[in-house]
Amino acid sequence: MFRIHRSLVTLFLVPAFLAPSVAFAADGKAVFLDKKCNKCHTVSSASIEKTSKLKGPDLTTEPIKGDAKLLKGYLKKQEVINAKKHGTAFTGSDEELDAVIAWVLQQNKAKK
Ligand code: HEC
């Protein structure tokens, strides 16, 4: 009886402990597509095409001026780059924003 009980506890508790770490590990590329950044940006290194005629630089070949910290403010429309605010304000969580910025910076191959 005790043995059955203990395995049941393990069965339910282990996934409960693992779940938060899974939820925090947002996939930057998935966020990029989910938030429709590809309406305006191509990412040639990841074969991501634009889905509209709106303008935006290719995030692989065009230099990205901001570092992760500045981009975080910029993508929330709180900071300016090139004396302009970004076209859209990010609507997801902070974790998703960090993940998408890290992914975009990783894709960028332009010389600074
Ligand atoms: C409505 C069109 C549009 C959408 C949607 C859009 N962008 Fe942009 N983005 C732009 C334009 C235009 C620029 C270039 C502005 C300039 O040249 O100053 C830009 C610039 C950038 C830059 C370069 C900043 C730098 O430091 O030079 C990054 C990085 C970026 N966007 C990421 C994203 C991400 C991530 C998303 C999705 C969350 C997104 N963009 C969605 C239009 C868009």
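The structure under discussion appears in the preceding block.
Keep in mind that this is a model prediction, so the values were computed, not measured.

**Student:** When you look at the site of the ligand in this model, what are you seeing that I'm missing?
**Tutor:** As a structural note, the neighbourhood of the ligand is formed by 25 residues, with Cys37, Cys40, Gly56, Gly66 and Asn82 the closest of them. Within the shell around the ligand, the residues separate by chemical class into 13 nonpolar, seven polar and five charged.

**Student:** Teacher, can you tell me more about helix H3 (residues 68-75) here?
**Tutor:** Note on helix geometry: an α-helix contains 3.6 residues per turn, so any two residues three or four positions apart are oriented the same way. For H3, the complete set of buried residues consists of Leu71, Tyr74 and Leu75. The arc that holds the buried residues of H3, viewed along the axis, is 85°, so those residues lie on one side. Packing partners of the buried residues in H3 comprise helix H4 (94-107). Looking at the residues trailing H3, positive phi occurs at Lys77, about 60°.

**Student:** What is the right way to look at H4 in this model?
**Tutor:** With 14 residues, H4 ought to run about 20 Å at 1.5 Å a step, and its terminal C-alpha atoms sit 20 Å apart, in line with that. Looking at H4, one finds that the buried residues are Glu96, Leu97, Ala99, Val100, Ile101, Trp103, Val104 and Gln107. As for H4, its buried residues are in contact with helix H2 (28-34) and H3.

**Student:** Please explain unusual backbone geometry as it appears in this structure.
**Tutor:** A negative phi angle characterises most non-glycine residues, just as the trans form characterises most peptide bonds. We note that Ser47 has phi near 55°; this positive angle belongs to a residue other than glycine. Residue placement: Ser47 occurs in the loop between H2 and H3. Of note in the backbone geometry, Ala83 takes a positive phi value of approximately 60° without being a glycine. With respect to the helices, strands and loops of the structure, Ala83 is situated in the loop between H3 and H4. For Ala83, a count of 5 C-beta atoms within 10 Å corresponds to the exposed category.

Calculation criteria
Residues numbered from 1 in each chain as written. Predicted model: local features only at pLDDT ≥ 70, side-chain atom pairs only at ≥ 80, totals over all residues. Near = placed C-beta within 6 Å. Nonpolar A, V, L, I, M, F, W, Y, C, P; charged D, E, K, R; others polar. Buried ≥ 20, exposed ≤ 12 C-beta atoms within 10 Å, placed from the backbone. Helix = DSSP H or I, 4+ residues; strand = E, 2+ residues; numbered from the N terminus. Arc of directions from axis to C-beta. Contact = placed C-beta atoms within 7 Å. Expected span 1.5 Å × (residues − 1).

Function-wise, these values are silent; they only describe arrangement.
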